[in-house]
Amino acid sequence: MFKKLSAEFFGTFWLVFGGCGSAVLAAAFPGLGIGYVGVSFAFGLTVLTMAYTVGGISGGHFNPAVSVGLTVAGKFPAASLVPYIVAQVVGAVVAAGVLYLIASGKTDFQAGGFASNGYSELSPGGYSLTAALVAEVVLTAFFLIIILGSTHGRAPVGFAPIAIGLGLTLIHLVSIPVTNTSVNPARSTGVALFAETAALSQLWLFWLAPIVGAVIGAVAWKIVGEDD
């Protein structure tokens, strides 16, 4: 179990450090910024690389909602759920702390939103709570379906991390303007702790919606998918 939890810690650390780091450090860099498309690919690449690296150890969840969804789908033991979530959240918080330490080394640094998630006034596009809730539920549900389908016994062996990474990239391409894209409560928690906005007061949504979406995705797959 120690190795599994360590793998989840490192995987979630890399997701938050790489994905949120691209948003904080590189997205708006003068003249060379990678923008929303670059940030979207950064998040996808973090999951792809870590799924190949440590996925064979822990299953490569890196996300409390994914762990919940896999538990509902019968693919993950309920007894391991809380330890996995703790490891994921700790990894996210440590990653956000390291990112803050680096970012604050800039002379005129201001944390601002610090890649946190939000709705209404904290939404990049000014989207409402309802819009944010629906987006996060739907996108997380499909993320779970992608995970369960690509790791199914009938799927081509060895390609699941690519499908999952590209799926997360697509999710970000769709929803960065709406919520700055969560679909991952650990990712949302880590950076919210360092944001200079009211991100913590809205964090509840980015636990509730991804978990509800993950459960819906797991149930949907159990209905339409095949048993391994």
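Going along each chain's sequence as written, the residues are numbered from 1 onward. This being a predicted model, a pLDDT of at least 70 is required before a residue's local features are given, and a value of 80 or more before pairs of side-chain atoms are given or counted; all residues contribute to the totals for chains, interfaces and linings. Only heavy atoms go into the side-chain values, all of them from the structure, while hydrogens and water stay out.

## Examining the packing of aromatic side chains
Note the threshold: Here a pair means two rings of Phe, Tyr or Trp (six-membered ring of Trp) with centres within 6.5 Å. Their orientation is stacked below 30 degrees between planes, edge-to-face above 60, and tilted elsewhere. When a residue's accessible area, from a 1.4 Å probe over protein chains only, is under 20% of the maximum for its type it is buried; when over 50% it is exposed; and in between it is partly exposed. Secondary structure elements follow DSSP: runs of H or I of four or more residues count as helices, runs of E of two or more count as strands, with numbering from the N terminus.
If you walk through the whole model with that rule in mind, you get 9 aromatic pairs. Their ring planes at 80° and their centres at 5.4 Å tell us that Phe-9 and Phe-10 sit as a pair that is edge-to-face. Judged by relative accessible area, which is 23%, Phe-9 ranks as partly exposed. When the centroid spacing of 6.4 Å and the interplanar angle of 75° are considered together, the rings of Tyr-119 and Trp-204 count as edge-to-face. With a gap of 85 residues between them, Tyr-119 in the loop between α4 (81-103) and α5 (129-150) and Trp-204 in the loop between α7 (185-192) and α8 (205-224) connect regions that are remote in the sequence. Look at Tyr-119 and you get buried, because its relative accessible area is 11%. Of the residues examined, Trp-204 reaches a relative accessible area of 42% and is grouped as partly exposed. Ring pairs connect the aromatic residues Phe-9, Phe-10, Phe-13 and Phe-17, which therefore count as one cluster.

## Digging into the packing of α5 against helix α6 (residues 160-179)
Basically, it comes down to this: Note on definitions: angles span 0 to 180 degrees between N-to-C directions of axes, and those axes are lines fitted to C-alpha atoms, for helices only across the stretch in contact. Throughout, the term roughly parallel applies to angles under 35 degrees, roughly antiparallel to angles over 145, roughly perpendicular to angles from 65 to 115, and oblique to all others. We call two residues in contact when some of their heavy atoms are within 4.5 Å. By the convention adopted, Pro, Cys, Tyr, Trp, Phe, Met, Ile, Leu, Val and Ala count as nonpolar, Lys, Arg, Asp and Glu as charged, and the other residues, Gly among them, as polar.
Direction vectors running N to C along α5 and α6 enclose 175°, while the axes themselves pass 9 Å from each other. Comparing the axis directions of α5 and α6 gives the class roughly antiparallel. Counted together, Ala-131, Ala-132, Ala-135, Glu-136, Leu-139, Phe-143, Ile-146, Ile-147 and Ser-150 of α5 and Ala-160, Ala-163, Ile-164, Gly-167, Leu-168, Ile-171, Val-174, Ser-175, Val-178 and Thr-179 of α6 form the full contact between these two elements. When the residues that make up the contact of α5 with α6 are grouped by side-chain class, the tally is 14 nonpolar, 4 polar and 1 charged.

## Concerning the packing of helix α3 (residues 64-72) against α4
Where we set the bar: Should the near helix be turned anticlockwise from the far one by less than a right angle, the crossing is left-handed, and should it be turned clockwise, the crossing is right-handed.
Relative to each other, α3 and α4 sit at 165°, their axes nearing to 9 Å. Of the possible angle classes, the one that applies to α3 and α4 is roughly antiparallel. α4 is crossed by α3, and the crossing has right-handed handedness. On the side of α3, the interface is formed by Pro-64, Ser-67, Val-68 and Thr-71, while α4 contributes Leu-81, Tyr-84, Ile-85 and Gln-88. Here the residues of the contact of α3 with α4 are counted per class, giving 5 nonpolar, 3 polar and no charged.

## With respect to the pattern of salt bridges
Using the following cut-off: Here, a salt bridge means any side-chain nitrogen of Lys or Arg that lies within 4 Å of a carboxyl oxygen of Asp or Glu.
Enumeration according to the criterion identifies 1 salt bridge in this entry. Between Lys-106 and Asp-108 there is a salt bridge, with its nearest N and O atoms 2.6 Å apart. Judged on exposure class, the residue Lys-106 and its partner Asp-108 are both exposed.

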